[in-house]
Structure formats: C-alpha cells, structure tokens
Amino acid sequence: MTQPEITGHTRVVGVIAHPVEHTLSPPMHNAEFRRLGLDWVYVPWDVLPENLPAAVNGLRALGVAGFNVTIPHKQAIMPLLDRIEYEAEVIGAVNTVTCTGGVLTGFNTDLFGWQEDIQQDISLEGRAVCLIGVGGAARAVTVGAYRAGAPRLVLVHRPADADQAQALAAHLREKCRGAEVETASLDSSACRDLVRSCEVVVNATPVGMASSPGIPIPADWLHPDQYLYDVIYTPAETELMRAARAAGCRARGGLGMLARQGAMAFKLWTGTAPDPLAMEATLRQRLGL
Ligand code: NAP
C-alpha cells in the first residue's frame, strides 16, 4: 500500500515500549488515519526503562499529539505526567497520554476497551465478576466491571500472589464504594465454588498465549450459565475459550478490547471518532485471521 506523504503538517503519535517489535498498534492506527483521510502518523519507539524520563521530556519538546504506553512503562510513567485522569489513577496504570499545549495527561483506555467489548454480549449490571490474575489487565478490568454495575468481584490468584491480591482487594474496597471484593488462591478448597458462583469469568493472565500455553483454571470449574472473556488476543481462540464453549458458556477473546482501547486513544488525540470494527479488521488481517 502506498504510504501517504509526511509533511510539516503531519501530526505525530506513537507507542513507547520495550521491546516494541511485537506491537500491532502502528498498522491499526495508520490504516484508520488513511481510511479517514487524516494527515497523522503513528510510530513505534523502543524506550529502555532507564531512558523513560528523557524520552517523555523529548516527546513533550517535540510536540507530539500524544502516545501509547505499554510494558514495561505503564506504572513508571505516572509521576512523569502533569495530570492523571481519575480512572487511570484508580487503576494505577496509564496506557494513553495526550499532549496538549505541552501538558501531558494520562488515561487508561484498557478499561473502556474491555467494558465496550464485553457489553456487546452481556450487561454487567448486577452480575458477579471473577478475575483470574491480579496484574495490570486485571486492575483495569476490575475497575471497568465496577463502573459497569458489577456489585461483586472475586480475585483469583496464584498462592505466591496472595499479598498482591490482598493489596488490590483493599484498594478496590476503598475506591469502588459498595463493591463486595473477595480473593481466592487457586490452591484453596473454596476457589472452585467461588469461581462457579460468578456469572462472568475473565482471564487476565497470560496463560493461553503461545509463550505461556495451558489453561489458568480447570475446565470443569465452568458451567453453562457463565460467560467467559479472555483478554488474550493471540491466539484469537485460547484453550480456556474452547473449554468454556465445550462447557456450554458463551466466550469472547481480547481482540475487540485491543481495537476499542485503541479507538478511544485515537479519539482523544484527534478529536475524530474512528470505527473500532475497521480497526479490529486491520488487526485480524495482520494476525492472518
Ligand atoms: P501482568 O501485569 O504481568 O499480570 C499477569 C497476572 O497473571 C499476574 O498477576 C500473574 O501473576 C498472573 N499469572 C500468571 N500466570 C498465572 C497462572 N498460571 N495462574 C494465575 N495467575 C497467573 O500482565 P498484564 O499486563 O495484566 O497482561 C495479562 C494478559 O493480558 C497478557 O496476555 C496481555 O497480552 C493481555 N492484555 C490484553 C489486552 C487487550 O487489549 N486485549 C490489554 C492488556 C493486556 P505473577 O505476578 O505471579 O506472574
């Protein structure tokens, strides 16, 4: 495909990460800029952790319109910004930054991406949501679930992550007023029943990716009245999703979340609403799906 000409008018956005080679965001955003006829470009920047402050100052000085932030910088960037939007503050991670008049503002669009994607299938109002994993994606999903009306959250964790799970539960009880938050270690006798008591189960661990194959909970913990969301997007169909469908559950993978978090960042930077389905189609094409 012919690349559009880059001129002195072209607005620049991008992503900072380390490593950055794997990112699907440049083709996703650049295809949407072209489709909408916007004179914008999205570029990847590989930034080592020790260079993060210099890189952020450099981006500010260069006058970029904004940028995405991903592993390993999502938390480390927070003290380097001028403002943090409320949800990103509650989640404790930033994945999108806007740069307006030299002021850097941090957002977390993963939360909205997940909320919008899952709500195509199921309303979370009044539903108990079980999270497997207590890392970055889980933090965004828990806040998203609470905002969408889930009154009860169950955080399932590995035995070694008990302190992290307790800390997240305490944080959520403080920030998400009225929410009932429980934790369950995968090796505890109560875990199976706690998972089965939730109408929505979300995998927020990397278990199921090619680099981390397998299934994060036993398949026979799932039952037909549950809905399963897997935040993993490569592969598009994880072992857990297959097990859930075999158990009679509806299931969805994380590709739509990736497109929708990107769509929200796109709107924050450009002021123009993109089509998340077109962005998802670009991702599918890139992944050969
Ligand atoms: P993270 O911060 O490293 O968190 C992963 C969590 O999973 C940690 O709590 C980790 O525990 C836990 N975990 C790992 N193996 C486990 C197991 N066998 N059983 C239970 N828990 C286990 O990573 P993340 O940023 O949250 O990303 C998690 C996944 O979400 C990745 O696959 C990522 O690609 C995906 N993701 C998708 C989207 C999207 O838009 N669809 C957005 C963000 C992330 P330890 O700390 O003990 O390792």
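Residues numbered from 1 in each chain as written. Predicted model: local features only at pLDDT ≥ 70, side-chain atom pairs only at ≥ 80, totals over all residues. Heavy atoms only, no water.

**Brief notes about the sheet that holds strand β12 (residues 250-252)**
Next, step 1: Taken in spatial order, the 6 strands line up as β9-β8-β7-β10-β11-β12 in an open sheet, and their pairing is parallel. Only two strands of the sheet have a single neighbouring strand rather than two, namely β9 (180-185) and β12. Along the sheet, successive strands turn relative to each other by an average axial angle of 20°, direction set aside.
Next, step 2: Judged from the 4 bridges that link them, strand β10 (residues 200-203) and strand β11 (residues 227-230) form a sheet pairing that is parallel. For N203, the partnering residue across the bridge sits in β11 and is D230.
Next, step 3: Set on the sheet, helix α4 (residues 109-118) makes contact with β10, β11 and β12; between it and β11 the angle comes to about 145°. (Pairing = 2+ DSSP bridges. Helix = DSSP H or I, 4+ residues; strand = E, 2+ residues; numbered from the N terminus. Axes fitted to C-alpha atoms, helices over the stretch in contact; angles between N-to-C directions. Contact = heavy atoms within 4.5 Å.)

**Focus on the domain arrangement of the chain**
Next, step 1: Taken as a whole, the chain is organised into domain 1 (11-108 + 258-286) and domain 2 (112-253).
Next, step 2: Taking only C-alpha atoms, the centre of domain 1 and the centre of domain 2 are 26 Å apart.
Next, step 3: Contacts between the two partners involve 11 residues from domain 1 and, on the opposite side, 12 residues from domain 2.
Next, step 4: Together, the buried faces of domain 1 and domain 2 total about 1,200 Å²; carbon and sulfur atoms form 62% of this surface.
Next, step 5: Together, V90, I91 and R260 form the three largest contributors to the area buried by domain 1 at its contact with domain 2, with a combined 48%.
Next, step 6: At the surface where domain 1 touches domain 2, the tally comes to 3 salt bridges. (Domains from an automatic or database assignment. Buried area = accessible area lost by both parts, 1.4 Å probe. Salt bridge = Lys/Arg side-chain N within 4 Å of Asp/Glu carboxyl O.)

**Description of the site of the ligand**
Next, step 1: Near the ligand there are 19 residues, and of these G136, A137, R158, D161 and V231 occur at the shortest range.
Next, step 2: In the model, an oxygen atom of the ligand is placed 2.9 Å from a nitrogen or oxygen of the G136 main chain.
Next, step 3: Contacts to the ligand include V231, whose backbone N or O atom sits 2.9 Å from a nitrogen atom.
Next, step 4: In the complex, 76% of the free accessible area of the ligand, which totals 920 Å², lies under the protein chains.
Next, step 5: The pocket occupied by the ligand, as judged from atoms lying within 2 Å of grid points, is the largest pocket.
Next, step 6: When the residues that make up the shell around the ligand are grouped by side-chain class, the tally is 12 nonpolar, 5 polar and 2 charged. (Near = heavy atom within 4 Å. Polar contact = N/O pair within 3.5 Å; in protein donor to acceptor, adjacent residues only side chain to side chain. Areas by Shrake-Rupley, 256 points an atom, 1.4 Å probe, with all protein chains shown as cover. 1 Å grid on protein atoms, 1.4 Å probe; cavity = no way out; pocket = protein on both sides within 12 Å on 5 of 7 lines; lining within 4 Å. Sits in = over half its atoms within 2 Å of the grid points. Nonpolar A, V, L, I, M, F, W, Y, C, P; charged D, E, K, R; others polar.)

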